[in-house]
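Commentary on secondary and tertiary structure
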Protein chains: 2
Amino acid sequence: MESAIKTIITTFLGSSKGGENLSGSSFQKLVKNQLGGLMEDTNSSSAVKEMQQGLDENNDGKVSFQEYLTLIGYLANNMSQRKTEGNQDTS
Amino acid sequence: MESAIKTIITTFLGSSKGGENLSGSSFQKLVKNQLGGLMEDTNSSSAVKEMQQGLDENNDGKVSFQEYLTLIGYLANNMSQRKTEGNQDTS
């Protein structure tokens, strides 16, 4: 678990170059390079831009670590629902 | 990243035996076995009980996946602050 949480952090810090926020362009790159297997439309900059606006609670045009964690939570929720639904189908 | 998010999910589902919530005892075990390196007092059942109550937004005495993600986000936030502070010390 520790390494999983570290991966989530280092992925953010790698894209934000150690800073506390991701710019629009670094968020686009992170989504495209890291989350392509977890989401659709990661190659569509307009779709990613729309997602960024949805996450941008303080409307500063950037993605803070907290807003990024909201995205990770959303992805984890989706994946876990698919897993629990998968279990119900096979049980 | 995909495997990191999967680890976070499978750790929950492993402890909840595929269910949508963790009971008090399974939450105690998860914290003790998985998060010992990330937090203090994971061996203190009263400290873990207090943490569980802090997470239990709907007061049902259980920990849902969403409430569990709140804990993961909290841990990730702490770790990332230590990392960014660490960078500032050395730069």
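Residues numbered from 1 in each chain as written. Chains lettered and ligands numbered in written order. Predicted model: local features only at pLDDT ≥ 70, side-chain atom pairs only at ≥ 80, totals over all residues. Heavy atoms only, no water.

Focus: the packing of aromatic side chains
Residue and element names in this part refer to chain A. Tallied over the entire structure, the rule returns six aromatic pairs over all chains. Between phenylalanine 65 and tyrosine 68 the ring centres are 5.8 Å apart and the planes differ by 35 degrees, which places this aromatic pair in the tilted class. Here the residue phenylalanine 65 and the residue tyrosine 68 both occupy positions in helix α4 (residues 65–90), the gap between them amounting to three residues, near one helical turn. An aromatic cluster is present here, built from Phe12, Phe65 and Tyr68 joined pairwise through their rings. (Phe/Tyr/Trp six-rings, centres within 6.5 Å; stacked < 30°, edge-to-face > 60°. Helix = DSSP H or I, 4+ residues; strand = E, 2+ residues; numbered from the N terminus.)

Some words on the UniProt feature "domain: EF-hand" (unreviewed entry) in chain A
Per the UniProt record, the feature "domain: EF-hand" (unreviewed entry) sits at residues 43–78 of chain A. Secondary structure content for residues 43–78 of chain A is 69% helix and 6% strand, and the end C-alpha separation is 20 Å. (UniProt positions renumbered as here; feature names shortened; annotations may be inferred.)

Quick word on the interface of chain A and chain B
With 30 residues of chain A at the contact, the number on the chain B side is 30 residues. Carbon and sulfur atoms supply 78% of the area buried between chain A and chain B, which totals about 2600 Å² over both sides. Where chain A touches chain B, the interface holds zero salt bridges. Counting across the interface, chain A meets chain B through two residue pairs in polar contact (both at pLDDT 80 or more). Elements that contribute at least two residues to the side of chain A that touches chain B include exactly α1 (2–15) and α4 of chain A. Tallying contributions element by element places α4 of chain A first for the side of chain A that touches chain B, with 14 residues. Class assignment of the residues belonging to the side of chain A that touches chain B gives a composition of 15 nonpolar, 12 polar and three charged. (Contact = heavy atoms within 4.5 Å. Buried area = accessible area lost by both parts, 1.4 Å probe. Salt bridge = Lys/Arg side-chain N within 4 Å of Asp/Glu carboxyl O. Polar contact = N/O pair within 3.5 Å; in protein donor to acceptor, adjacent residues only side chain to side chain. Nonpolar A, V, L, I, M, F, W, Y, C, P; charged D, E, K, R; others polar.)

Structural notes on the relation of the copies chain A and chain B
By a simple turn and slide, chain A fits onto chain B: the slide is 0.0 Å along the axis, the RMSD is 0.0 Å, and the turn is 180 degrees. What the superposition gives is, in effect, a two-fold axis relating one chain to the other. Residues of chain A ranked by C-alpha distance from the rotation axis are headed by alanine 4 of chain A, positioned 2.1 Å from it. Mapped onto chain B, 100% of the interface residues of chain A again fall at the interface, so both copies present the same surface. (Least-squares fit on C-alpha atoms with pLDDT ≥ 70 in both.)

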